Amino acid sequence: GGLSCVEFLIIDNPSKKTFLGLGPDPDPLLLALPKGAKNVRLDPQTVGATLNKRPDGYSITQPIPPTLNTEGTALIVDYDIDWPSRLPWQRSADLTTEVQYPTKFFFVQRSADDGALQVTGSKLSGDKSVKMNIDGKPIDSIINAVGDTQGPKMALLPGDQLQIQVRCQINPTFCAFFGFLILIIILVPLS
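Only a predicted model underlies this, so the values are computations on that prediction, with no experimental measurement involved. (Residues numbered from 1 in each chain as written. Predicted model: local features only at pLDDT ≥ 70, side-chain atom pairs only at ≥ 80, totals over all residues. Heavy atoms only, no water.)

## Looking at the nonpolar core
Inference 1: By size, the foremost hydrophobic cluster in this structure holds 28 residues, and its most contacted members are Leu3, Ile60, Tyr79, Ile81, Ile164 and Val166.
Inference 2: Put simply, the parts of the chain that give this core at least two residues each are strand S1 (2-11), strand S2 (29-31), strand S5 (57-61), strand S6 (73-82), strand S10 (117-121) and strand S14 (164-168).
Inference 3: Per-element accounting of this core gives the leading share, 4 residues, to S6.
Inference 4: Setting aside its immediate chain neighbours within four residues, Tyr79 contacts Leu3, Ser4, Cys5, Glu7, Leu33, Pro34, Ala37, Lys38, Asn39, Val40 and Arg41. (Core = buried A, V, L, I, M, F, W, Y, C linked by side-chain atoms within 4.5 Å. Buried < 20%, exposed > 50% of the residue type's maximum accessible area, 1.4 Å probe, protein only. Helix = DSSP H or I, 4+ residues; strand = E, 2+ residues; numbered from the N terminus. Contact = heavy atoms within 4.5 Å.)

## Observations regarding the side chain of Asp80
Inference 1: With respect to the secondary-structure elements, Asp80 resides in strand S6.
Inference 2: Comment: no salt bridge for buried Asp80; closest opposite-charge side chain is Arg41, at 4.1 Å.
Inference 3: In this structure the side chain of Asp80 is engaged in a polar contact, spanning 2.9 Å, whose partner is the side chain of Asn39.
Inference 4: Once you skip the residues sitting within four places of it in the chain, Asp80 turns out to touch Leu3, Ser4, Gly36, Ala37, Lys38, Asn39 and Arg41. (Lys, Arg positive; Asp, Glu negative; His and termini not counted. Salt bridge = Lys/Arg side-chain N within 4 Å of Asp/Glu carboxyl O. Polar contact = N/O pair within 3.5 Å; in protein donor to acceptor, adjacent residues only side chain to side chain.)

## Remarks on the sheet that holds S2
Inference 1: Strand order across the open sheet formed by 3 strands is S2-S5-S4, with antiparallel pairing between neighbours. The open sheet terminates on both sides in strands that have one partner only, identified here as S2 and strand S4 (50-54). Adjacent strand axes in the sheet meet at a mean angle of 30° when their direction is disregarded.
Inference 2: Note: S2 against S5, 3 bridges, orientation antiparallel. Looking across to S5, one finds that Leu31 is bridged to Tyr58. (Pairing = 2+ DSSP bridges. Axes fitted to C-alpha atoms, helices over the stretch in contact; angles between N-to-C directions.)

## Quick notes on the sheet that holds S1
Inference 1: Reading across from one edge, S1-S6-S3 is the order of the 3 strands in this open sheet, with antiparallel pairing throughout. The open sheet has two edge strands, S1 and strand S3 (38-42), and neither has a second partner. The sheet shows a mean angle of 15° between the axes of neighbouring strands, taken without regard to direction.
Inference 2: Bridging between S3 and S6 involves 3 bridges; their strand directions are antiparallel. Across the sheet, residue Arg41 finds its bridge partner in S6, namely Asp78.

## Topic: the side chain of Asn52
Inference 1: Position of Asn52 relative to the elements: it lies in strand S4.
Inference 2: Residue class for Asn52 comes out buried when judged on its relative accessible area of 18%.
Inference 3: A polar side-chain atom of Asn52 sits 2.6 Å from a polar atom in the side chain of Thr61.

## Here we look at the pairing of strand S11 (residues 128-134)
Inference 1: One ladder, built from 7 bridges, connects S11 with strand S12 (residues 137-147); its direction is antiparallel. Across the sheet, residue Ile134 finds its bridge partner in S12, namely Lys137.
Inference 2: Hairpin connection of S11 to S12: 2 residues between the antiparallel strands, including Asp135 at a positive phi of 55°.

Shown next as structure tokens:
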């Protein structure tokens, strides 16, 4: 029916002050979710944050403390994307988004069981098989990434368009069934 997406955000605050998002626009973090995102919600693991619906999308309100010698503030957002109603061999979803903040590292992860999903993007690397620790469990995963977590350089800058296409490969059983159906349609009138 569609894609269930989870975004893990690690927010760094290199200043010496906690960022509260005060002023004329009180939302400290704007979310750049793909068009068509629905059922947007904060994951239960994200505590002390508030999800806000805005005319231009979504934002999160949460104090962001300095991260000089600590890990950044972690936020988790869940949402769903529908597959466009097309023929099965043309099934793809556009998750293209505009980058809101300087980003060192960005990746799309799916479990090895979802290997039939093809992920492509203008800046993303090809498929890499890795073992990731998710919720304390090692999971065989496939990732497509841009940037480096340890590098000093930003991989994406505000305003960059990050193009991401997710395609669903056709199941070989469906192809065999479809071919058999065409063969019957041709052979029945001939016989």
